[in-house]
Each structure stands twice: as C-alpha cells, then as structure tokens.
Amino acid sequence: MSFLTPEIRQRVEELRTLVQQASYAYYVLDNPTMEDTVYDRLYRELQQLETQYPELASSDSPTMRVGEKPATGFSSVQHKIPLYSLENAFNTEELQNWEKRWQRQLSSIEVAEYVCELKIDGSALALSYENGLLVRGATRGDGVAGEDITQNVRTIRSIPLKLQLDNCPSLVEVRGEAFLPLDVFQQINQERLAAQEQLFANPRNAAAGTLRQLNPQIVARRKLDFFAYTLHIPGQDNLSIACTQWEALELLQQMGFKVNPNRTLSATSKEVAQYYQRWDTERLNLPYMTDGVVVKLNSFSLQEQLGFTQKFPRWAVALKYAAEEAPTRVENIAVNVGRTGALTPLAQMRPVQLAGTTVSRATLHNADRIRELDIRIGDTVIVRKAGEIIPEVLRVLLELRPPDAQVFQMPQNCPVCNQPVVRTLGEAVTRCVNASCPAIVKGAIEHWVSRDALDINGMGEKLGHQLVDKGLVHSVADIYELTNQKLQTLERMGNKLAEKLIAAIALSKTKPYSRVLYGLGIRHVGSVNAQTLTQQFPTVEQLAQAEINEIAAVYGIGVEIAGSVHQWFRIEANQTLISRLQNLGLQLKAEIKETPTTSLTGKTFVITGTLPTLKREEAKELIEKTGAKVTDSVSKKTDYLVVGEEAGSKLAKAQKLGITCLEEAQLLELLNN
Ligand code: IVH
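What comes next is a walk through the structure. Model, not experiment: these values are computed from the prediction.

## Focus on the overall build of the protein chain
Then step 1. Along the backbone of the protein chain there are 24 helices and 24 strands.
Then step 2. Projected onto its principal axes, the C-alpha coordinates of the protein chain cover approximately 95 × 75 × 45 Å.
Then step 3. Within the span of the protein chain, comprising 673 residues, buried residues form 47% of the whole.
Then step 4. Restricting the contact set of the protein chain to residue pairs at least 6 apart, pairs at least 24 apart contribute 67%.

Right, dumping it as structure tokens:
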C-alpha cells in the first residue's frame, strides 16, 4: 500500500485536467494542442496513479471511458422527456405549407426566425447529466422508453463525461445524433469484407448496430462521433438559461459538446429554401452523412405556444433531400466468384445517375434474395446507393415487367473453374469449393499482398491475376518461389521491375506473424482479431492445436470466430500451406522482445521519493531497458535503491540492509555506463 499525499491528489487532478483539455481540443474542436507522445505519457501516468491509489477513482476521469466487461444485455429506461420525431417535407412548397400551418395556429403572427441545422443521418441519443456528470446514455427506442447504453456512450470521445459549466443545474438532458464518419464507416466495412462478415448497408445502420454492441471495447474501436442539438433543463425554466434554440446550441458548445457548425439563422422561409438548396450539393463534401435539413422556430416561447401533435413538434420540420434511389432496367444477371468461393449474383443495369455517380451494377446478394425480390432479367427496378457502398436493388416495379422477362437460376457449376458448386443446408450462400479455382486463388493473393497483410509493394490486382492466369502461381506460397526469369515471361515486365518485385516479396518475409495470420484470409479473422490471436497463441503450432473453447476463451474472440479458426486448421491443404510458408521463411511466431544483456541485467532496483527531473515511470523505463527489474519493496534481493526527495521508510530499510543507494544523477551515470 502506498501512502496518499496531498501532492499526489493534486497531481492526479492536474493530470485529469491536462488529458481532458487535450482530448477536448482533439475530438471536439478538431484542433489538436498536444503531441501524441506527450498525451500518452500523461495518460499513462494518470492511469498508473489511479491503479496505485484506488481511492482516487472517479467516473469522470478521462481514463474511465472504456469499460472492461462486456454487457449481457441492455435494460430499458423511461425518457424523462419523450423523444419526438419530425414531420417530413420534401420540397419548398411543403415547407411553405408547414409555415402557413404554424402561423395560422397563433393568434397574432409574429416575425419569427428559423434555425436551420443539418439533419445528421445517425442514431438519436438521450444523455442525462446529474450535477454536471454523465450518468446515463440511452437510445431513442420508441421515443418514450429506450435502452440504457451508458457504457457504450462513454466511449464516444466527443461526449463530455463532465460538463464544462460553472453552477451547473442539477439535471441536464442533452439530445443529439451519434454517427459514424464516412471514412470510419468505409474502414469498418473493409474490415468486415476482409473478415468475410456481413457488410453494414449504410452509416446509419452501422452507428445503430455499434451502439447496441455488448462489448464496449469494440464500440470504442469503432470511433463513433456525436453532434448535440437539443438542451433540456427539467424542473427549471429553460428560458432563464437560453431563450432560443440558437442560444441553446451555443450553450451546448460551451458545455463541451460538438455542435454542427453549419447552422444558420434565417428570417424567412425563402432564406431557409436557399440554405436547403445550398447544402443539397455541399453536403456531398462533408465527412458524414446527412439526409436533410431540420428547420426549427428559434424562439422557445413560440415553441411552447405551439406545442406538439401526437408525434411531432409543431415548431419544427425535417426538410428532406430526395432519396438516393432511381429506377432503371436490369439487362443481365451475372455471377461473381469471390475470394472465399462465394457466388454473388450481380444485376447489370442500364446506367443511371445516383448520389453523384453513375451506377450500372448492383449486388443481389444470393439466391434467396433474388427469390424474395422476384427479380427477372428485363425488369425495371429501384436501385439505391446508401452512403458510399455498393448499390443495391430495393424492389421490382412489377407493373413494368415485360412479357419476355427471364427468370434467373443460380448456376450448378462455378462460372470460373466449371467445378460443381455447393450450397450448405441452412446457408444462403452458394460456394465453389475447389481450392485451386483461379477465382479463389486470385482473391487469396489480392488479400495476401494487401497493405494490412503482407504489403507486397508493386503486386497489385492486375499482376496477381496475370500470375494466376499464366499458371505461375497456384497458392500464396508460390509467390515466394517466383524468380526474375519467371516474372519476365509476363507482359511489360522488364528486368528492373522484376528485380524490384523480388525485393518486395523478400521484404514481406519480415512482416510479423499477426499479418501473416491475417493474410491467410481465415473467415472472421480481420487484422484486430489476428493481433489478439497471435498475442495469446505466440506460435502457429499452438494456434493450430488449440481447441475451440481455448480459442473462444480469449477476450474479444467469440465462438463463431473460434470455430472458423479451428476449422481452418483442420483442413489438410491449409496445413500443407502453413508448413510451406514456414519453410519459405515467413514469420509464424510472435517476436519475443529482446532486451540486451548489460552489466545491470538481472539486477533489482527500487525507487523511492520524488526524483528531481525524471518521473517514476521514466526512470523505470530507463532501468528496464538495461535488462534490470524495478520492484516495489526493499528486501535482501534489492541491489540498488534510487532515492529522491521525501524518501521514507524504504531508505531506512535499505540502509539497514547495506544496499547501495543512488541519487538520480548517480543512477543516470550508472545507466550510461
Ligand atoms: S431535432 C423534437 N435536430 O432526425 C426535436 N433531429 O427525423 C426532434 N436528427 O430522431 C429532433 N439531426 O435522430 C433534430 N439537427 C437535428 C437532427 C435531428 C438529425 C434526427 C433525430 C430525430 C430524427 C427525426
């Protein structure tokens, strides 16, 4: 047990403020003020002190964002104030109708200002703060009751755990939209694609799905963000703090929330219409998805006079943008064979403009989906482009079906290798199971050489395909048996380029085991899972021999992943592949961090008191670099005691035992030698 001094208490407070300010600048203001390495140091120092002095624990500490334990489910919470939804308008005429309606309802028409905000396409959240501290985060649910997802909400860095407000009211309710930035959304889908998991259809689904994840560590990794748009102060007249929505937004910003900067005040519906038109195109440049504009009467007293219908506030309307959907004709249905052998039917359509791009192909997923849609070649369909992902067919316009529309049948044989395909009972996917099917080999190579896997520079998709088509490569192991001469048989491949490639291939042999494991393309093993697995099973033999329950016991690895890994290693062709890769010199065990042997290796140090320049963690790091150990208490086994200011009983004990005592300067000298 360490004794808690007022200095330590103060240092912890100071660290919390520093870390919190830096994190606010980074996540909310988007204006970093601190070097990453400095931030990491402060964060670690804080974490260490909090572990050492558990009595200092505090739920609003910046170290307390990500909970350790996965939830088993979410409990239901009643919203103190219901979450209403918004009436939709689809054009400026409907906006004017809405305006006339609210004006008619008031006895005297006043000059009313509107606040225009972007309608963020994510998932609504209700946050409750008690005495300035975040106590609850809940989903919208049906508007009256939602689910308590506080653990997950705490992982969203742009949501303050503590409000930056003096004299904070005892209760503050904040509403806003949690969303996934488009780049994060794409990255998640790429990872899911690589791990052969079902893709999220759009950022909204991805955000909603993430918020309902049981494991907060996964939520934290997904990098959700949040824009606040409503402030309620229950039991107190809102008007005394903010009289208008505009002021409320500014107050939210002062409290430490991220508020969308693209808001505006408009004096007339004509100005609202201009804002709406401007953002119809500009929103395509934003790093997040928007699906309209929310128009609210600015004055809270007008809002109060107008009140609510059963479902909507009368004082607000959502002015939506045209959905990114369009009709077009299906000219053919082709079948693509993926890296896993999955056969995916694709609709080839007459090109159509959607969300700023020309769309001519859409996935039809699988045979079940085709039957569900009842889609035939020649049909007119509605296609949708959601976010930035592959367009999909929403429905068929049956009334436009021509008499000669053709029913589509999934092929019985692989369209690439002509071997019979298989559809396992209970699965929607039809697969080619021929491991040497060129489509599967091409896919495997593409994945193997990709940036997060073995990162073989210069070996792109085209070259990979050529190598397979020429019969030079039948498996990823064959890449390592390519020679300059073999490579030069390819079109437009000179000596120089071939040399470069051979060097890049050789370099890939130094890539760590986790990347090799990821590169194998085992179902559900994305790069994060690969890292987790290699940490727990430091050699491929250990992983290959592990039973499902041993793999599933690893934190973050579920039964499904474990089953997939276990099954992969049971297949003989895969075992052969592993031993070939091993013989070829690829890394199939985790690197053991080597510490050099020095004259201090094996010695034991204890540090006591405050050192003049080094923090305790820093001193510890320096000592450990020599191969020596740092322990907490002085005993006969201690070789050196490093003494700082206000050294206590440890110094006395060391002196009694005759242990060498060093001041900081002496320590540094010893380490330098
Ligand atoms: S105001 C009573 N403002 O749109 C006020 N909602 O279709 C209701 N949304 O459930 C909400 N951006 O999830 C408001 N700036 C914004 C918004 C916004 C997105 C979402 C929200 C709501 C849905 C209504």
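## Comments concerning the side chain of Ser269
Then step 1. Along the chain, the position of Ser269 falls in helix H9 (residues 269–282).
Then step 2. Residue classification places Ser269 among the buried residues on the basis of a relative accessible area of 11%.
Then step 3. Those residues within four positions of Ser269 in sequence are excluded, and the remaining contacts are Leu95, Gln96, Glu99 and Tyr114.

## Considerations on the pairing of strand S12 (residues 325–337)
The side chains of a regular strand alternate, residue by residue, between the two faces of the sheet.
Then step 1. Direction of pairing for S12 relative to strand S16 (residues 380–384): antiparallel, over a ladder of 5 bridges. Across the sheet, residue Ala326 finds its bridge partner in S16, namely Val383.
Then step 2. Pairing of S12 with strand S13 (residues 343–354) involves 7 bridges; the strand directions are antiparallel. Bridged to Asn332 within S13 is Gln348.
Then step 3. The hairpin turn running from S12 into S13, its antiparallel successor, is 5 residues long, and Gly341 in that turn takes a positive phi close to 90°.

## Some points on the nonpolar core
Then step 1. Judged by nonpolar contacts, the single largest core of 52 residues is most densely connected at Trp448, Ile456, Met459 and Ile479.
Then step 2. Going through the elements one at a time, helix H12 (438–449), helix H13 (461–469), helix H15 (495–508), helix H16 (513–519), helix H17 (527–536), helix H18 (540–545), helix H20 (559–570) and helix H21 (572–583) are the ones with two or more residues in this core.
Then step 3. Tallying contributions element by element places H20 first for this core, with 5 residues.
Then step 4. Counting 38 residues, the second-largest nonpolar core is a separate cluster that includes Phe74, Val174, Leu249 and Leu251.

## Side note on the site of the ligand
Then step 1. Taken together, 13 residues lie near the ligand, and Glu117, Ile120, Glu177, Tyr229 and Lys296 sit nearest.
Then step 2. Here Leu118 contributes a backbone N or O atom positioned 3.3 Å from a nitrogen atom of the ligand.
Then step 3. Taken by itself the ligand offers 530 Å² of open surface, and the protein chains cover 87% of this.
Then step 4. Of all the elements, strand S3 (residues 114–120) adds the most residues to the shell around the ligand, at 4 residues.
Then step 5. When the residues that make up the shell around the ligand are grouped by side-chain class, the tally is 9 nonpolar, no polar and 4 charged.

## Brief notes about the sheet that holds strand S21 (residues 604–608)
Then step 1. The sheet built from 4 strands is open, its strands ordered S22-S21-S23-S24 with parallel pairing. The open sheet terminates on both sides in strands that have one partner only, identified here as strand S22 (629–631) and strand S24 (660–662). If you compare each strand with its neighbour and ignore which way they point, the axes differ by 30° on average.
Then step 2. Where strand S23 (residues 640–643) meets S24, 3 bridges bridge the pair, whose relative direction is parallel. Its bridge partner being in S24, Val642 is matched across the sheet by Leu662.
Then step 3. Seen against the sheet, helix H22 (residues 616–625) touches S21, S22 and S23 and runs at an angle of roughly 165° to S21.
Then step 4. In this fold helix H23 (residues 649–657) packs onto S21, S23 and S24, with an angle of close to 145° to the strand it touches most, S23.

## Observations concerning the sheet that holds strand S7 (residues 171–179)
Then step 1. With respect to topology, 4 strands assemble into an open sheet ordered S5-S4-S7-S8, the strand pairing being antiparallel. The open sheet has two edge strands with one neighbour each: strand S5 (133–139) and strand S8 (225–232). Pairs of neighbouring strands in the sheet enclose a mean axial angle of 30°, with direction left out of account.
Then step 2. Two strands pair when backbone bridges link them, and strand S4 (residues 123–130) and S5 are joined in this way by 6 bridges, in the antiparallel orientation. Bridged to Leu125 within S5 is Thr139.
Then step 3. Sheet strands in contact with helix H8 (residues 245–255) are S7 and S8, and its direction is about 125° off that of S8.

## A word on the pattern of salt bridges
Between side chains of opposite charge, pairing is possible as soon as their charged atoms come close.
Then step 1. Tallied over the entire structure, the rule returns 31 salt bridges.
Then step 2. Because the salt bridges share partners, they merge into one network encompassing Asp374, Arg376, Asp379 and Arg401.

## So, H22
Then step 1. Taken as a whole, H22 has its buried residues at Glu618, Ala619 and Ile623. For H22, the angular spread of the buried residues around the axis is 130°, confining them to a single face.
Then step 2. On the buried face of H22, the contacting elements are helix H2 (36–52), S21, S22, S23 and helix H24 (664–672).
Then step 3. One or two steps after H22, the chain reaches Gly627, where phi turns positive at roughly 95°.

Conventions we followed
- Residues numbered from 1 in each chain as written.
- Predicted model: local features only at pLDDT ≥ 70, side-chain atom pairs only at ≥ 80, totals over all residues.
- Heavy atoms only, no water.
- Helix = DSSP H or I, 4+ residues; strand = E, 2+ residues; numbered from the N terminus.
- Buried < 20%, exposed > 50% of the residue type's maximum accessible area, 1.4 Å probe, protein only.
- Contact = heavy atoms within 4.5 Å.
- Pairing = 2+ DSSP bridges.
- Core = buried A, V, L, I, M, F, W, Y, C linked by side-chain atoms within 4.5 Å.
- Near = heavy atom within 4 Å.
- Polar contact = N/O pair within 3.5 Å; in protein donor to acceptor, adjacent residues only side chain to side chain.
- Areas by Shrake-Rupley, 256 points an atom, 1.4 Å probe, with all protein chains shown as cover.
- Nonpolar A, V, L, I, M, F, W, Y, C, P; charged D, E, K, R; others polar.
- Axes fitted to C-alpha atoms, helices over the stretch in contact; angles between N-to-C directions.
- Salt bridge = Lys/Arg side-chain N within 4 Å of Asp/Glu carboxyl O.
- Arc of directions from axis to C-beta.

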